[in-house]
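Fold and geometry: a report
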Amino acid sequence: MDLYYVPPSAPCRAVLMTAKSLGIELNKKFLNLFAGEHLKPDFLKLNPQHCVPTLVDNDFAIWESRAINIYLVEKYGKNVSLYPKCPKKRAVINQRLFFDANSIYQAFIDTYVTQYLFKKPVDAEKYKRVDTAFELFNKFLEGHAYAAGDELTLADISLLATVSSYDVVNHDFSKYENVARWYDNLKKTVPGWEENWAGCLEYKKLLGL
Ligand SMILES: N[C@@H](CCC(=O)N[C@@H](CS)C(=O)NCC(=O)O)C(=O)O
């Protein structure tokens, strides 16, 4: 399977950690976004939304990191505990995945990425949303080792990619004790963490930090 990606991107890093956790070998294809490779006709044929990560499994292409990760577990996963079939467990995992996409990851784009990569002014209100997101995530983790309960799931992997982006820009989240404990544990245990962190360091450079 081919994975079109860029190393600094949190969604791409989440897919790489998921594949590693599942023992799946991906054929990584670097796409130079700054050179506009994602806008070339061949790539647009695969993904008219022209974003990475994009996974190509023979004649099937899929994008959106969380959709890719679910596909990998459902189609190839021996370890289905990352996305169990129980509807209630799944619903909680999905909620955390949407929380990641819409709240904590989006808050990173609206603040650090906007300020440092796009070089646009950021309203203080947007930084407050980062705190609100961390506060919520801290609550979700109350009494639990993992984002959606007591087992590692796809929600943890997506959130780990996002929270490590905050770490690399030195965003202090130590007061969110459950998040800090969760992060410390996952850094030591999630397969592919080293590659994720290498991507984070590239991200840091890209942001000019
Ligand atoms: N929600 C998407 C976000 C993907 C995304 O924003 N990708 C960026 C790189 S981090 C991208 O491909 N940007 C180029 C474009 O959209 O044209 C996901 O989780 O996969």
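Rules and cut-offs
- Residues numbered from 1 in each chain as written.
- Predicted model: local features only at pLDDT ≥ 70, side-chain atom pairs only at ≥ 80, totals over all residues.
- Heavy atoms only, no water.
- UniProt positions renumbered as here; feature names shortened; annotations may be inferred.
- Buried < 20%, exposed > 50% of the residue type's maximum accessible area, 1.4 Å probe, protein only.
- Helix = DSSP H or I, 4+ residues; strand = E, 2+ residues; numbered from the N terminus.
- Pairing = 2+ DSSP bridges.
- Expected span 1.5 Å × (residues − 1).
- Arc of directions from axis to C-beta.
- Contact = heavy atoms within 4.5 Å.
- Axes fitted to C-alpha atoms, helices over the stretch in contact; angles between N-to-C directions.
- Parallel < 35°, antiparallel > 145°, perpendicular 65-115°, else oblique.
- Left-handed = near helix turned anticlockwise from the far one by under 90°.
- Nonpolar A, V, L, I, M, F, W, Y, C, P; charged D, E, K, R; others polar.

The chain is annotated in an unreviewed UniProt entry as (Mediterranean fruit fly) hypothetical protein of Ceratitis capitata. According to UniProt, the comment filed for the chain under the heading Subunit (unreviewed entry) is "Homodimer." Annotation of the chain in UniProt includes, under Sequence similarities (unreviewed entry), the sentence "Belongs to the GST superfamily."

**Quick word on the pairing of strand 3 (residues 54–57)**
Alternating residues of strand 3 divide into Thr54 and Val56 and Leu55 and Asp57, and every residue in both groups is buried. Note that strand 1 (residues 2–5) and strand 3 share 3 bridges and pair antiparallel. Among the inter-strand pairings, tyrosine 4 is bridged to a residue of strand 3, identified as threonine 54. Relative to strand 4 (residues 60–63), strand 3 is paired through 4 bridges, and the arrangement is antiparallel. Each residue of the ladder has a partner; that of valine 56, found in strand 4, is alanine 61. Between the end of strand 3 and the start of strand 4, which pair antiparallel, lie 2 residues, with asparagine 58 showing a positive phi angle near 55 degrees.

**Description of helix 5 (residues 124–140)**
The end-to-end C-alpha separation of helix 5 is 25 Å, in line with the 24 Å expected for 17 residues at 1.5 Å each. When helix 5 is considered as a whole, its buried residues turn out to be Val130, Ala133, Phe134, Phe137, Asn138 and Phe140. The buried side chains of helix 5 occupy one side of the element, clustering within an arc of 160 degrees when seen end-on. For helix 5, the exposed residues lying more than 90 degrees away from the buried face are Ala124, Lys128 and Lys139. Its buried side turned inward, helix 5 meets helix 4 (87–117), helix 6 (154–168) and helix 7 (177–189).

**Some remarks on the packing of helix 4 against helix 5**
Two elements in contact, helix 4 and helix 5, have axes whose closest approach is 9 Å; the angle formed by their N-to-C orientations is 150 degrees. Judged on the interaxial angle alone, helix 5 and helix 4 are roughly antiparallel. Helix-helix and strand crossings are classified by hand; for helix 4 and helix 5 the assignment is left-handed. Residue-level contacts link Gln95, Arg96, Phe99, Ser103, Ile104, Ala107, Asp110, Thr111, Tyr112 and Gln115 of helix 4 to Lys126, Tyr127, Arg129, Val130, Ala133, Phe134, Leu136, Phe137 and Phe140 of helix 5. Considered class by class, the residues forming the contact of helix 4 with helix 5 number 11 nonpolar, 4 polar and 4 charged.

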